[in-house]
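Results of the structural survey
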There are 2 protein chains.
Amino acid sequence: MTDFAQITLIGMGLIGSSLARAIRSHGLKTRLVGCDSNPQHVAEARALNLVDQITSDPIDAVKSADLVILATPVGSYADLGARLCPVMKPGAILSDVGSVKASVVKTLQPLMRDDCHLIPGHPVAGTEQSGPKAGFSTLFDGRWCILTPPENTAPEKVRALEKFWQAIGSTVECMTPDHHDMVLAITSHLPHLIAYNIVGTARHLEEVTKSEVIKYSAGGFRDFTRIAASDPTMWRDVFLNNKDAVLEMLGRFTEDLTALQRSIRYDEGDKLFDLFDRTRRIRKQIIDAGQDEDVPDFGRHTDDIPD
Amino acid sequence: MTDFAQITLIGMGLIGSSLARAIRSHGLKTRLVGCDSNPQHVAEARALNLVDQITSDPIDAVKSADLVILATPVGSYADLGARLCPVMKPGAILSDVGSVKASVVKTLQPLMRDDCHLIPGHPVAGTEQSGPKAGFSTLFDGRWCILTPPENTAPEKVRALEKFWQAIGSTVECMTPDHHDMVLAITSHLPHLIAYNIVGTARHLEEVTKSEVIKYSAGGFRDFTRIAASDPTMWRDVFLNNKDAVLEMLGRFTEDLTALQRSIRYDEGDKLFDLFDRTRRIRKQIIDAGQDEDVPDFGRHTDDIPD
Ligand SMILES: NC(=O)c1ccc[n+]([C@@H]2O[C@H](COP(=O)([O-])OP(=O)(O)OC[C@H]3O[C@@H](n4cnc5c(N)ncnc54)[C@H](OP(=O)(O)O)[C@@H]3O)[C@@H](O)[C@H]2O)c1
Ligand SMILES: NC(=O)c1ccc[n+]([C@@H]2O[C@H](COP(=O)([O-])OP(=O)(O)OC[C@H]3O[C@@H](n4cnc5c(N)ncnc54)[C@H](OP(=O)(O)O)[C@@H]3O)[C@@H](O)[C@H]2O)c1
């Protein structure tokens, strides 16, 4: 079911530990090695029995791996690449799950040996939580995984990695790193930036107390706090490593927001209605595409709802 | 359990129908009358047996009511007030559930007779869905309901309305209409505006196709589409009727966003980290306050998550 006799996961946080759980729950036959620099996470991964071998030494972890997946913040890749590339097994694949791709290729490509294969990846799935305990085996089920193999990558290697992601429930799509970064800038990076910003703005208000912001958060604000609770290190690295696409999207967003502001100021009710009506339809398409559920609540459970 | 022999709900949509369900499920003894101008919603309310009497004639609906609650978009209040105030029962309360309050007082106060009592209200609870079928009886459970009685309102009338909201599971707080509009501008109106705007921006992108926006929406975008699927009429009315507070909050938001944009442009990783770290703590406080649940997903169900 997999072409890899040994898979090594560097980083046993939300994504790494979810990968370990998914590999096991889908019955993939492979030796599974985990590595984390955080001693507490090493202990948790061991206690949860997530992998066959857990270590804090990345060199030890990768040397007999056929597939190495980096699942750490992308800011750590330069250092990890410099240490791992020299000791990787000939023929092995180096992949990752980082949320940006062009900078990852730029960082890792020059460090690669000729007899190893760089195939960056990004599962478009996640939550706002971190660490080995936050992971779960179904995280990748029905979600997309984007691969951005450099030109001239051996097709059978790309195929093997594709099969791996399919085996744990994902659908795979290949694209260029630049296109990935542009698409994700609007579907993930900008939403996070906006959420962080609005929660930051709310913190500064003096006319409205912090306790009021919290009390009345069910009016919509709480959904933004969920996204703005995502890991600070991971997101700092995302914005620093996808600067151009994020600034481009932000420019468009601000332009549109200025027009919306004008419509409010000049009582242009029809323009407001038109925008609000069009955005509603996009929601329907996302539900039809199976990328969200049509539950009648703002992030709460339908099991609470008896009728 | 309630001081009202008859309660009339004008508007049997999400909020009106949830009120009807909550009144019944909490066993409140009262005659319940519903009114809606949409014939389909009248039929649905009848089929669902939500009230004792359902009508499309608001005058007929209110004439023997002790409590009238407007649950229609706030843009309809001027017309409804002009028609209903003359025929209301002496001693009756006119209340509402509208998401803005200062403009509601300004609209309805001049229409009130001396022997009736205006006590505007706003349950801070809702979903992005509309119509009688979307309602549910637990919508107000553990949520806040804000009342904004004008000065000199008879205290026993305020107390009676307070008891009503408490009887269906809410906690009541009184404040001035202006303060309400300021607080809700940041906890509800600005989040909705931002969500509508980002979904609108995504629609315009040509480098990124619409199908990609939908496919990869699980990266965060889909949570914004949920909010941006809210009723266009209701939200047009909210923005037109809370213009000053919304524009004030939008100004602060944009100022903060410009600073954030600068931090990305000039690689100020520490500033990004600091903001992202602080916003994370607000999330924790909202969960501690019972206004959201700490479920490890982006709006999906935990029942999907076996481990
Ligand atoms: N979270 C999401 O929703 C999501 C979705 C798709 C992709 N991603 C990507 O997945 C990657 C991991 O994110 P995550 O959410 O899983 O983060 P996480 O839960 O914080 O896990 C990362 C783990 O890696 C450890 N680590 C950091 N630097 C290391 C190093 N040099 N060597 C070994 N271990 C190291 C961390 O330790 P410390 O605790 O000491 O930092 C932590 O245990 C990121 O690149 C992110 O962009 C995340
Ligand atoms: N949705 C929320 O999350 C939320 C939360 C708190 C407060 N509120 C407030 O609650 C109020 C109602 O919102 P909702 O979400 O319940 O809307 P909704 O589901 O669209 O229901 C409103 C109902 O009132 C009907 N209606 C409109 N004008 C009327 C009139 N003049 N006379 C009689 N019926 C009329 C509508 O008919 P049509 O279908 O023909 O328009 C619809 O059936 C709004 O003022 C809103 O600000 C909403």
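Here the residue numbering is sequential within each chain, running from 1 through the sequence in written order. In the order they appear in the text, chains get letters beginning with A and ligands get numbers beginning with 1. Side-chain atom pairs in this predicted model are given and counted only at pLDDT of 80 or more, local residue features only at pLDDT of at least 70, and totals for whole chains, interfaces and linings cover all residues. The side-chain values count all of the structure's non-hydrogen atoms but skip hydrogen atoms and water molecules.

The name given to chain A in an unreviewed UniProt entry is prephenate dehydrogenase, with the source organism recorded as Paremcibacter congregatus. UniProt positions are given in the numbering used here, feature names are shortened, and annotations may be inferred rather than shown by experiment. The record held by UniProt for chain A lists under Sequence similarities (unreviewed entry) the comment "Belongs to the prephenate/arogenate dehydrogenase family."

This part covers the sheet that holds strand β3 (residues 53–55) of chain A. Residues and elements named next belong to chain A. For two strands to pair, DSSP has to find at least two bridges joining them. To qualify as a helix, a DSSP run of H or I must reach at least 4 residues; to qualify as a strand, a run of E must reach at least 2; elements of each kind are numbered from the N terminus. Read across the sheet, 6 strands follow the order β3-β2-β1-β4-β5-β6 without closing on themselves; strand pairing throughout is parallel. Edge positions in the sheet fall to β3 and β6 (117–118), since each has one partner strand and no second. Relative to strand β5 (residues 93–96), strand β4 (residues 67–70) runs parallel, the two sharing 4 bridges. Bridging from a neighbouring strand, V68 pairs with L94 of β5. Whether two residues touch is decided by their heavy atoms; if any such pair falls within 4.5 Å, the residues are in contact. Lines fitted to the C-alpha atoms define the axes, with helices restricted to the stretch that makes contact. Angles between their N-to-C directions range from 0 to 180 degrees. With respect to the sheet, helix α4 (residues 77–84) is in contact with β1 (6–10), β4 and β5, its orientation differing from that of β4 by roughly 160 degrees.

Stacked, tilted and edge-to-face are the three classes assigned to paired rings of Phe, Tyr and Trp, where Trp is represented by its six-membered ring and a pair needs centres within 6.5 Å; plane angles under 30 degrees give stacked, over 60 edge-to-face, the rest tilted. One pass over the structure, following the stated rule, counts 13 aromatic pairs over all chains. With a centroid separation of 5.9 Å and 75 degrees between ring planes, the pair formed by W144 of chain A and Y216 of chain B is classed as edge-to-face. Of this pair, W144 of chain A sits in strand β8 (residues 144–147) while Y216 of chain B sits in the loop between α8 (210–215) and α9 (221–227), on two different chains. Across this residue pair, the class does not change: W144 of chain A and Y216 of chain B are buried. Seen from their ring centres, F276 of chain A and Y196 of chain B are 3.9 Å apart, and the 20 degrees between their planes marks the pair as stacked. Residue F276 of chain A is located in helix α12 (residues 269–288), and its partner Y196 of chain B is located in helix α7 (residues 177–204); the two belong to separate chains. Burial classes: relative accessible area under 20% of the type maximum marks a residue as buried, over 50% as exposed, and values in between as partly exposed (1.4 Å probe, protein chains only). Under the relative-accessibility criterion, F276 of chain A is labelled buried at 0%. With relative accessibility at 0%, the residue Y196 of chain B sits in the buried group. Connected via pairs of aromatic rings, a cluster forms that spans Y196, W235 and F239 of chain A together with F276 of chain B. Above the face of the W144 of chain A ring, K215 of chain B is positioned so that its terminal group lies 4.5 Å from the ring centre. Here, over-ring charges are defined by two tests on the NZ atom of lysine or the CZ atom of arginine: distance to the ring centre within 6 Å, and angle to the ring normal within 35 degrees.

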